[in-house]
Amino acid sequence: MTRPAVSDPNPTWWRQAAVYQIYPRSFADTTGDGLGDLPGVTAHMNYLSALGIDAIWLSPFYPSALADGGYDVDDYRDVDPRLGTLADFDALVAAAHDAGIRVIVDIVPNHSSDRHAWFQAALAAAPGSPERARYHFLDGLGADGELPPSDWISHFGGGAWTRVIEQRGPNAGRPGQWYLHLFAKEQPDFNWDNPEVREDFHTTLRFWADRGVDGFRVDVAHALAKDMALPLRSKTILDIEVDDGTDPLFDRDAVHDIFAGWRRVLNEYDPPKAAVAEAWVPFTNRRLKYARPTELGQAFNFDLLQAPFDAVEFRAIAEKCLVEADASGASSTWVFSNHDVVRHPSRYAVDGVSTREEMEAWLMSGGTVPPADLERGLRRARAATLFMLGLPGSAYLFQGEELGLFEVADLPEDALADPTWFRSNHRVKGRDGCRVPLPWDATAANFGFGGPPWLPQPDWFAHKAASVQDGAAGSTLEMYRAALSWRRKLQAEESLAWVSEPAATVSRYRRPNGWEVITNFGKAPAALPSDVVLAKVVLSSGEPAASLIPGETTYWLAP
Ligand code: NOJ
């Protein structure tokens, strides 16, 4: 399907967009070095266009030592030379816009990398200097400052403070201050109370907006404002513990002032640039604040991603999120997979595994304990995806989910690159299993990805490659293409009505123009509602059957 180039100034394009996340290093490699690159994205613009998405979101492609897969940024206003150049970026944006696809880039404001010029300057400067004031440097506790300033712990394991060897002043050459990093030690946290930091991120937003990007995904948006008043408060859990804005690290009220400033910058453009907050805030009343029109405009909600495959849960989440989005003036977001979580066909394949810890243990077993029923996992994932793609709001898809990829749960340990693996002393494998470079061509070397990929591809990728699914009736790729194409017809208005069903395992909703989505979450087939005519089923996640809806299947019905 050809769509018009991006030239219309529709300021609300994002409200019901299908956004496809590209993890550039794992998408397509044109140089043969085993790392995906920006020209690789441009080269696949026809594929993206045929898929029917409205926008791509590029995970970080900035210069980086890859201590955290690029979320450790050396320079916010450049391209990693291994991934291309700024000219390649411009070519990518131009090609995307020609294909009617908008471009969202990832902004990582909570922390830079330890190679960032500002952090290097901070290390070289003395305690108390303006250079140090862009980050959180503090003296340690204990007689000799040998203890970290607080008991805070970091994501990926270990403490959240690292002590530096001073280069200046009376302590030169000796251990001195500590700096804060909520993630790996290569990711020092910025001090957002410092106006220089605020101004510099405005410059970064304008830099990419001036290059034509249409929006921004904001990494760890809820962590920027911190309570650094001394003595630091104790906090040994890396989650939000209170829902009133008084947690020392997350979701503090002051963060909204920062994003109000960002909105003013984003509104300098016509149409205004879109933005979506990655804010793992469980309290919906607080999460919606990030999505206000005076702030970022949208916030991810990961509720469906975290829910079991269950009719009652899915419906309750959809209802709640739509009300919540409405209240904030935003539209809802929906996500099943991204670069941080086990791919959803695998999640749904292992019964009795739902918490993060259980999932981590399953990964550590190489995906064998408990055993995964992959056929069932994919069946459920396809049904869940069609349930979700019919909802009003924005659907965020992760590269490879349109191929029905499973998690590569048995990556060899010596291939793992996620800091989680190292910082947990090899107790938690981390997120590499969803980041394995894509299989494009079943018969080509490295499945058509490019050079020998930075994470090894499993043999079963041959059955999942785009080349074998392209044009194949019933393939997951064709299901996504059909759904994304029909989806445009569903979107006349941003609402839905639930139609009650006798079976608790079946959910059914109707969009205002008469399109309907019916999902049987149960394992057993369910009778089709008497008013449903099978001839109206234009799309099914499984094989449709006369007078019933098979187990773990979604139907889309035309009016
Ligand atoms: C969230 C990103 O999605 C994740 O990949 C990254 O490790 C952390 N933020 C730190 O930037």
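Note: the structure precedes this text.
Since we're looking at a predicted model, the values are computed, not measured. (Residues numbered from 1 in each chain as written. Predicted model: local features only at pLDDT ≥ 70, side-chain atom pairs only at ≥ 80, totals over all residues. Heavy atoms only, no water.)

A. Representation of the overall build of the protein in the model. Of the regular secondary structure elements, the protein holds 16 helices and 18 strands. Taken over the C-alpha trace, the protein has a radius of gyration of 24 Å; the compact-globule value for 559 residues is 24 Å, and the two agree within 12%. For the protein, buried positions account for 60% of its 559 residues. Taking the contacts inside the protein whose residues are at least 6 apart along the sequence as the reference set, 67% of them involve residues at least 24 apart. Carbon together with sulfur atoms contributes 54% to the accessible area of the protein, which is approximately 20600 Å² in total. Computed over 52 positive and 76 negative side-chain charges, the separation of the two mean positions in the protein equals 3 Å. (Helix = DSSP H or I, 4+ residues; strand = E, 2+ residues; numbered from the N terminus. Rg over C-alpha atoms; globule rule 2.2 N^0.38 Å. Buried < 20%, exposed > 50% of the residue type's maximum accessible area, 1.4 Å probe, protein only. Contact = heavy atoms within 4.5 Å. Areas by Shrake-Rupley, 256 points an atom, 1.4 Å probe, with all protein chains shown as cover. Lys, Arg positive; Asp, Glu negative; His and termini not counted. Charge placed at Lys NZ, Arg CZ, Asp CG, Glu CD.)

B. Structural context of helix H11 (residues 356–364). For H11, the complete set of buried residues consists of Met 359, Trp 362 and Leu 363. Each buried residue of H11 sits inside an arc of 100° when the element is viewed along its axis, so together they form one side. Residues of H11 that are buried make contact with helix H10 (344–347). Directly beyond the C-terminal end of H11, a positive phi value near 70° is found at Gly 366. (Arc of directions from axis to C-beta.)

C. Up close: helix H6 (residues 255–266). Over its twelve residues, H6 extends 17 Å from the first C-alpha to the last, a length consistent with the 16 Å expected when each residue adds 1.5 Å. Counting buried positions along H6 gives nine out of twelve residues, so the element sits mostly inside the fold. Every buried residue belonging to H6 is among Val 255, His 256, Ile 258, Phe 259, Gly 261, Trp 262, Arg 263, Val 265 and Leu 266, and all of these are buried. As for H6, its buried residues are in contact with strand E3 (102–107), helix H5 (195–210), strand E7 (215–218), strand E8 (274–277), helix H7 (284–290) and strand E9 (297–299). (Expected span 1.5 Å × (residues − 1).)

D. Inspection of the nonpolar core at higher detail. One finds Tyr 20, Leu 48 and Ile 56 to be the most contacted residues of the largest nonpolar core, which totals 151 residues. Counting residues in each nonpolar core, the second largest holds nine residues, with Val 506, Ala 526, Leu 528 and Tyr 555 among its members. (Core = buried A, V, L, I, M, F, W, Y, C linked by side-chain atoms within 4.5 Å.)

E. Broad picture of the packing of helix H12 (residues 374–389) against helix H16 (residues 476–490). Put simply, H12 and H16 touch, their axes get as near as 10 Å, and they point 10° apart. It follows that H12 is roughly parallel to H16 by the angle criterion. Residue-level contacts link Leu 378, Arg 382, Thr 385, Leu 386 and Leu 389 of H12 to Thr 476, Met 479, Tyr 480, Ala 483, Leu 484 and Arg 487 of H16. (Axes fitted to C-alpha atoms, helices over the stretch in contact; angles between N-to-C directions. Parallel < 35°, antiparallel > 145°, perpendicular 65-115°, else oblique.)

F. How the structure looks around the site of the ligand. Not every one of the 13 residues close to the ligand is listed here, only the nearest: Asp 68, His 111, Asp 219, His 339 and Asp 340. Within the side chain of Arg 217, one N or O atom sits 3.1 Å away from an oxygen atom of the ligand. Between an oxygen atom of the ligand and a side-chain N or O atom of Asp 340, the distance comes to 2.5 Å. Within the complex, the protein chains bury 97% of what would otherwise be the 290 Å² of accessible surface of the ligand. (Near = heavy atom within 4 Å. Polar contact = N/O pair within 3.5 Å; in protein donor to acceptor, adjacent residues only side chain to side chain.)

G. Structural view of empty space enclosed by the protein. Inspection of the entire model under this criterion finds three cavities of 30 Å³ or more. When its volume is computed, the largest cavity comes out at roughly 100 Å³. What lines the largest cavity is a set of 13 residues, and nearest its centre among them are Ala 299, Glu 324, Ala 325, Ser 331 and Ser 332. Among the elements of the structure, H7 and helix H9 (311–328) are those that each provide at least two residues to the lining of the largest cavity. Top element by residues in the lining of the largest cavity is H9. It accounts for four residues. For the lining of the largest cavity, the per-class residue count stands at six nonpolar, five polar and two charged. (1 Å grid on protein atoms, 1.4 Å probe; cavity = no way out; pocket = protein on both sides within 12 Å on 5 of 7 lines; lining within 4 Å. Points joined across faces, edges and corners; volume = space filled by probe spheres on them. Nonpolar A, V, L, I, M, F, W, Y, C, P; charged D, E, K, R; others polar.)

H. Seen up close, the packing of H5 against H6. Viewed as axis vectors pointing N to C, H5 and H6 meet at an angle of 35°, and their least axial separation amounts to 10 Å. In the packing of H5 onto H6, the handedness of the crossing is right-handed. Of the residues in H6, those touching H5 at Arg 198, Phe 201, His 202, Leu 205 and Arg 206 are Asp 257, Ile 258, Gly 261, Trp 262, Val 265 and Leu 266. Class assignment for the residues of the contact of H5 with H6 results in six nonpolar, two polar and three charged. (Left-handed = near helix turned anticlockwise from the far one by under 90°.)

I. Summary view of the sheet that holds strand E1 (residues 18–22). Within the open sheet, the eight strands sit side by side as E9-E8-E7-E3-E2-E1-E11-E10. Their pairing is parallel. Pairing within the sheet leaves two strands with one partner each, and these edge strands are E9 and strand E10 (333–335). Ignoring which end each strand starts from, the neighbouring axes of this sheet average 25° apart. Bridge analysis of E10 against strand E11 (residues 394–398) gives three bridges, and the strand direction is parallel. Its bridge partner being in E11, Trp 334 is matched across the sheet by Ala 395. Sheet contacts for H5: E3 and E7; angle to E3, the most-contacted strand, approximately 155°. (Pairing = 2+ DSSP bridges.)

J. Seen up close, the pattern of salt bridges. Tallied over the entire structure, the rule returns 41 salt bridges. One salt bridge in this structure joins Arg 481 and Asp 470, with 2.8 Å as the shortest N-O distance. Highlighted residues: Arg 481 in helix H16 and Asp 470 in the loop between helix H15 (466–469) and H16, separated in sequence by eleven residues. Residue classification places Asp 470 among the partly exposed positions, given a relative accessible area of 48%. (Salt bridge = Lys/Arg side-chain N within 4 Å of Asp/Glu carboxyl O.)

K. Structural view of the environment of Trp 118. You can see Trp 118 is positioned in helix H4 (residues 117–124). Since its relative accessible area comes to 16%, Trp 118 is described here as buried. C-alpha of Trp 118 to C-alpha of Val 220: the two residues are 102 residues apart in sequence and 20 Å apart in space. Setting aside chain neighbours within four positions, we find Trp 118 in contact with Arg 134, Tyr 135, Phe 190, Glu 196, Val 197 and Asp 200.

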